[in-house]
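Take a look at the letters that make up each chain.
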Amino acid sequence: MNHKQISIQKVTYSYAGNGWQLYPASFSLKPGEIAGIIGPNGSGKSTLLRIAAGIIRPSTGKVIVAGKDMADMSRREIAASVGFLPQDTGGYLDYLVEEAVAMGRFPHLKGAGFLCPHDISVVERCLIETDTEAYRGRSINQLSGGERQRVMLASVLAQEPDLLLLDEPTSALDIHHQVKIFTLISELVQTGIGAAVVTHDLNMASLFSDRLLLMKQGKIICRGRPEEILNKDILHESYGEGIEIMQHPKNGRPMIFPASVSNRNRDRVYLSPC
Ligand code: ADP
Ligand code: MG
């Protein structure tokens, strides 16, 4: 196995008390690819990603990272290979932005744990790449949700992991920053890392993913290239009706739209002066 690969092998999971189950799920993430993970709310995307990141242990099955069973690896060892951005990036201690990003360097720090010039330059680069350097001296708890989401991504990138596991990394971002962050992820995978990205934004998933995994009710029900997965049959089956699909005017990728508008707006004449 390539040392930059993660392999999730027949993992299962169940939450105590509510009976929800992740059924045996397998996938490998290879260097140089973006795998988009999509599916309705509650289908198990975050559970699968948290297992892949070693945050929760699978009930059965295993996760192999860099040729090793994750169950035998320390948190520091996992963090040197795998960068994980959780879905919920709130509720943090009152760190400054630059401190929060610098914490991403922890798997690489030696001795007394001081940052060396290389660590500092990595932190600077990640602040710039995520457009967060303007907030560097502010508390992370005094940022907007989208600003904080970019800071937490900067911290994950500062780990310089071989594999990125990102749970809805752009859910709070404006369109400019959504495109910027997906473009950044694309550039990073071109340097040879692999990224698994959970997103509800089917259009971003279509534009930026090399392949998609579609989850429903605790199972990976489909996998393939975006143009194989994002069709009416599969999307209606997963998300219900009310979805239209068109092709992106510049690159032909499938683009997803709601099929209807409200009756109130149906007859509005667009392009009329306000
Ligand atoms: P997704 O990310 O696809 O929206 P999740 O993996 O977060 O879904 O959740 C899958 C299912 O497990 C949901 O039904 C959710 O309510 C349940 N669940 C998630 N976290 C917990 C938890 N800590 N305890 C109990 N049930 C949970
Ligand atoms: Mg989730």
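These numbers come from a predicted model, not from an experiment.

The subject of this paragraph is the coordination of the magnesium ion (ligand 2). All of the protein donors around the magnesium ion (ligand 2) are S46 (OG) and Q87 (OE1); their distances to the metal are 2.0 to 2.2 Å. Placement of the pair is S46 in helix α1 (residues 45–52) and Q87 in the loop between β6 (82–85) and α3 (97–102), with a sequence separation of 41 residues. Judged by its relative accessible area of 39%, Q87 falls in the partly exposed class.

Further remarks concern unusual backbone geometry. The phi torsion of most residues other than glycine is negative, and most of the peptide bonds are trans. Within the chain, K10 stands out as a residue other than glycine whose phi angle is a positive 50°. Tracing the backbone through its elements, the reader meets K10 in strand β1 (residues 6–14). Phi is positive for D131, which is not a glycine, with a value near 65°. The residue D131 is located in the loop between α4 (117–129) and α5 (145–158) in this model.

Near ligand 1 the following residues occur: Y15, N18, W20, P40, N41, G42, S43, G44, K45, S46 and T47. One of the side-chain nitrogen or oxygen atoms of N18 is found 2.8 Å away from a nitrogen atom of ligand 1. The separation between an oxygen atom of ligand 1 and a polar main-chain atom of S43 is 3.1 Å. The protein chains hide 63% of the 560 Å² of surface that ligand 1 would expose on its own.

Time to look at the pattern of salt bridges. Taken as a whole and assessed by the stated rule, the structure comprises 13 salt bridges. Residue E98 pairs with R136 through a salt bridge whose shortest N-O separation is 3.1 Å. In this pair, E98 sits in helix α3 while R136 sits in the loop between α4 and α5, placing the two residues 38 residues apart along the sequence. Salt bridges linked by common partners bring R105, D119, R125, E129 and E160 together as one network.

This paragraph deals with the sheet that holds strand β8 (residues 194–198). The strands making up a sheet associate through backbone hydrogen bonding, with each pair oriented either parallel or antiparallel. Read across the open sheet, the six strands follow the order β6-β7-β8-β3-β9-β10; overall the sheet is mixed. Bordering the open sheet on either side are β6 and β10 (219–224), each of which pairs with just one other strand. Going across the sheet, the axis of each strand differs from the next one's by a mean of 15°, ignoring polarity. Strand direction decides the pairing type here: strand β3 (residues 34–38) and β8, joined by four bridges, are parallel. Each residue of the ladder has a partner; that of A35, found in β8, is A196. Against the sheet, α1 contacts β3, β6, β7 (163–167), β8, β9 (211–216) and β10, and its axis sits at roughly 150° relative to β7. Helix-sheet contacts for helix α6 (residues 175–190) involve β3, β7 and β8, and the interaxial angle to β8 is about 155°.

Looking at where A158 falls in the secondary structure, it is placed in helix α5. Sequence separation of A158 and F106 is 52 residues, and the distance between their C-alpha atoms is 9.2 Å. Once residues within four sequence positions are removed from consideration, A158 is found in contact with V101, G104, R105, V122 and C126.

What follows is about the nonpolar core. In globular proteins that are soluble, nonpolar side chains generally tend to be buried together. In this structure, V97, V101, V151, L164, L166 and I185 are the most contacted members of the largest nonpolar core, which totals 34 residues. Elements that contribute at least two residues to this core include exactly α3, α4, α5, β7, α6, β8 and α7 (202–208). Of the residues forming this core, the biggest block, seven residues, is contributed by α5. When residues no more than four places from it in sequence are discounted, the contact partners of L166 are L49, L85, L153, V156, I185, A196, V197 and V198. Among the nonpolar cores identified, the runner-up in size contains 31 residues, and A35, I37, I51 and I78 belong to it.

It is worth spelling out the sheet that holds strand β2 (residues 21–29) at this point. Overall, antiparallel pairing links the four strands, which are arranged β2-β1-β4-β5 in an open sheet. The sheet is open, and its two borders are formed by β2 and β5 (68–69), each paired with just one other strand. Alignment of β1 against strand β4 (residues 60–65), held across five bridges, turns out to be antiparallel. Counterpart to I6 in the pairing with β4 is V65. Of the strands in this sheet, β1, β2 and β4 are in contact with α1, which crosses β1 at around 125°.

Reading guide: rules and limits
- Residues numbered from 1 in each chain as written.
- Chains lettered and ligands numbered in written order.
- Predicted model: local features only at pLDDT ≥ 70, side-chain atom pairs only at ≥ 80, totals over all residues.
- Heavy atoms only, no water.
- Donors = N, O, S within 2.8 Å, 3.2 Å for Na, K, Ca; no water.
- Helix = DSSP H or I, 4+ residues; strand = E, 2+ residues; numbered from the N terminus.
- Buried < 20%, exposed > 50% of the residue type's maximum accessible area, 1.4 Å probe, protein only.
- Near = heavy atom within 4 Å.
- Polar contact = N/O pair within 3.5 Å; in protein donor to acceptor, adjacent residues only side chain to side chain.
- Areas by Shrake-Rupley, 256 points an atom, 1.4 Å probe, with all protein chains shown as cover.
- Salt bridge = Lys/Arg side-chain N within 4 Å of Asp/Glu carboxyl O.
- Pairing = 2+ DSSP bridges.
- Axes fitted to C-alpha atoms, helices over the stretch in contact; angles between N-to-C directions.
- Contact = heavy atoms within 4.5 Å.
- Core = buried A, V, L, I, M, F, W, Y, C linked by side-chain atoms within 4.5 Å.

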